Structures are given as C-alpha cells and as structure tokens.
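Structural overview
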Amino acid sequence: MNTIPENVVETLLAADRVVLVTHVHPDGDALGSLLGFAEILEGLGKKVFRYLEEPVSNLLDFLPGCDRAETDPAAVESFAGVDERVVAVSLDCGDSERLGKNKDELLKISPFLVIDHHRGHRTFGDMSWVDCDRSSTGEMIYELALRLDANISPDSAFNLYVAITTDTGSFRYENTSPRTHRIAAELQEKGVRPEVVANLVYDNFTLQRLRLMEKVLSTLTLFEDDQLALIRATAQMLKESGAESADLEGFINYPRALRTVKVAALIKEGAAGGVSVSLRAKGECDVARVAAGFGGGGHRNASGFRFSDKSVEEVEQLVIRALKDAIGHGND
Ligand code: 5GP
Ligand code: MN
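Residues numbered from 1 in each chain as written. Chains lettered and ligands numbered in written order. Predicted model: local features only at pLDDT ≥ 70, side-chain atom pairs only at ≥ 80, totals over all residues. Heavy atoms only, no water.

Some thoughts on the site of ligand 1
The full set close to ligand 1 counts 13 residues, and R98, H118, S278, R280 and S303 are the nearest of them. Within the side chain of R280, a nitrogen or oxygen atom sits 2.9 Å from an oxygen atom of ligand 1. Burial of ligand 1 by the surrounding chains reaches 80%, relative to a free accessible area of 500 Å². Sorting the residues of the shell around ligand 1 by element identifies strand 9 (275-281), strand 10 (297-298) and strand 11 (302-307) as the ones contributing at least two each. Counting residues per element, the shell around ligand 1 draws most heavily on strand 11, which supplies four residues. (Near = heavy atom within 4 Å. Polar contact = N/O pair within 3.5 Å; in protein donor to acceptor, adjacent residues only side chain to side chain. Areas by Shrake-Rupley, 256 points an atom, 1.4 Å probe, with all protein chains shown as cover. Helix = DSSP H or I, 4+ residues; strand = E, 2+ residues; numbered from the N terminus.)

Written out as structure tokens, the structure reads:
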C-alpha cells in the first residue's frame, strides 16, 4: 500500500469547490465513495458537485445523499465556471474512457485529480493517487479523510462502508486486507450497522429483478469440463421482465459460485446497441489480462470490456475462445 501523494492532499485542502465524478454505471464502491467523500469535503467547508451521468439505479437508491447527485453537464460547467479554486476528482475509474459521454468536458476542469484502485489503471488527469493494493476506493477515501483531518459523519460512514463491503464481496475477496477490516470496524464504531447494510444491498430485490434473474440464469452454458460458465442477458429479457440493465448487477456471482467453475462470463446486450462483457475468476486465472486483450480492464478476479459493433453471438464466440485459452494455458 502506498501513501497519499502530498500534492493531492494540498490541492484538496486549497480547493473552494470540488466536482466529484465516477465511472459510468456506478457500482456500490463508485457511488458510495462519491457520496461519502462529498459530505466529508462539505464538512471541510467546500462546495461540492456530485456528478453522475445517469440517475441512481434502484439497486443503490438507498445510499444517503444520492438525491443530491446531478446529471446535467451544463450545471457542472456553471458550478466550475465561477472565480474560485475548483478541483475535479475522479473516483474508482480505471480509464478516462469510462467517465462516460461527457468525459471531454469533465476533463477540462483543472486541476483534475484521480483516486483509484484498479489494476491496469490507465493514467489520466493532472495528479493521481492509485493504489491497486486497496480493496476499494471507499477504503482510500477513509484514509484520505483521516489525512485531511476531516469529520466522518454517520451518513459518510454508511456510504464508505457500502463501498467497501460491495467491492470486497462482503469481505470475501483476496483484496480484503487486515486494514480493510480495521477500517470497517472503525466505520461500525461511527454507527454503521452491518445487518442494515446487508439487508439493503442483498435483500432488496424488485420483482422485476428476480424475473430477469430467472431468464438470465436459464441461459447457463458450461465448457471445459464445467470450468467455464457463460450466461447471457438480451435486450428482450430486459424488456419482458420490466427490469433495468443495472438489475444485472451480481448475477454473474451465481455461475461463479459453481464448485467446478474457474471463470464465469456474462454477455450483456445493451438496449441501445453494443455488447458488454463481465468476467469473474476464482483462483489463479487472471481475467484482467483477458479483458485488456479486448480493450477493457478491471481487476485480476473481476474485469470487463465492451464492443460497440458486434452481435451477441460474435462476442460469445470470441469470449469462449479467449477464456478456453486462459484456462487451458494455465493463465496464472
Ligand atoms: P463489471 O463486470 O462489474 O461491470 O466490472 C468488473 C470490473 O471490470 C470493474 O472493476 C470495472 O471497472 C471493470 N470494467 C468493466 N467494464 C469495463 C470496460 O469496458 N473497460 C474497462 N477498462 N474496465 C471495465
Ligand atoms: Mn472499486
């Protein structure tokens, strides 16, 4: 684990206004970090703009402060356009491409800081703190709050706890360090109740989401002596179930949970075209490397990539071939 760069700390302390951004389709770590950090910065007397490309999905709309996020890029521009010291901070984003369709406008804000923990992080912005040994961006924001001598309110603690617990799969993945547990314990001491978080994160399905799960899991196909599992989600399934694409979050954990499986893949057909792929590995197989081969990225055990110009069938064939190779050649 590395230390927080001094220039990041100084720039944040000197800022009057902070624009917080994260990756498209934000997960619990992205959104929890953003909302938690927003309130920490406000506690330090800064004005904060919580920018998201899209409204918060039903999976995460229990996060305190999510109703204060804004999706209008013109509003970011007027917030950042005043004659005060403005800083942008990107959270949990491993690649500037993932900042979304307004990335060019966002990246114009200067200085632009980057805080991230993705392996294979592609450097962007003016200064960054990237630590791949951290479980989550939420964990990094906690350390940063300590370094800034900031107060962590109960709502911030809740958001950071959600960030950490979701990115570690409830403290089950190898990214969970002793420090992760200590931070979680300190957040609990600030009032976070783990059973309340678990209930909101895991036992909070809409009926539409369960119907979608039924359809997606029925596509399960196994290869390589059941070591490779593939599931598929089509635009048609989304439509029929009435669910939103964010509802697919976590489905890949079911094929991954099969005792024989080393790698699981979820192929997602976007409603507006394009096909995205999520990969999950257990054990030694490095799916970040596989994703990088297709222009994507992520972590050793969880990665993804996207094609804008291929059909679901074409993508499936490419993915099966690449993953058979990865498993067969002892990709470790
Ligand atoms: P998920 O499968 O949950 O969408 O993503 C798993 C991991 O892969 C996340 O850490 C995410 O940042 C990364 N990832 C997913 N899709 C992409 C992509 O299109 N490009 C890059 N660089 N990383 C991705
Ligand atoms: Mn993360």
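There's more to say after this.
Quick look at the coordination of the manganese ion (ligand 2)
Around the manganese ion (ligand 2), the donor atoms from the protein are D29 (OD), D92 (OD), H117 (NE2) and D167 (OD), and they sit 2.1 to 2.3 Å away. All donors of the manganese ion (ligand 2) come from a single chain, and their spacing in sequence reads D-x62-D-x24-H-x49-D. With D29 in helix 2 (residues 28-43) and D167 in helix 6 (residues 154-167), this residue pair connects regions lying 138 residues apart in the sequence. The same class applies to D29 and to D167, which are both buried. (Donors = N, O, S within 2.8 Å, 3.2 Å for Na, K, Ca; no water. Buried < 20%, exposed > 50% of the residue type's maximum accessible area, 1.4 Å probe, protein only.)

Topic: unusual backbone geometry
Of note, the amide linkage connecting S110 to P111 takes the cis form, showing an omega dihedral of 0°. Structurally, the position occupied by P111 is in the loop between helix 4 (103-107) and strand 4 (112-116). At E224, a position not held by glycine, the phi torsion is positive, near 50°. Relative to the assigned elements, E224 resides in the loop between strand 6 (221-223) and strand 7 (228-233). Of the residues examined, E224 reaches a relative accessible area of 30% and is grouped as partly exposed. Of note in the backbone geometry, D225 takes a positive phi value of approximately 55° without being a glycine. Taking relative accessible area as the criterion, D225 reaches 70% and is therefore assigned exposed.

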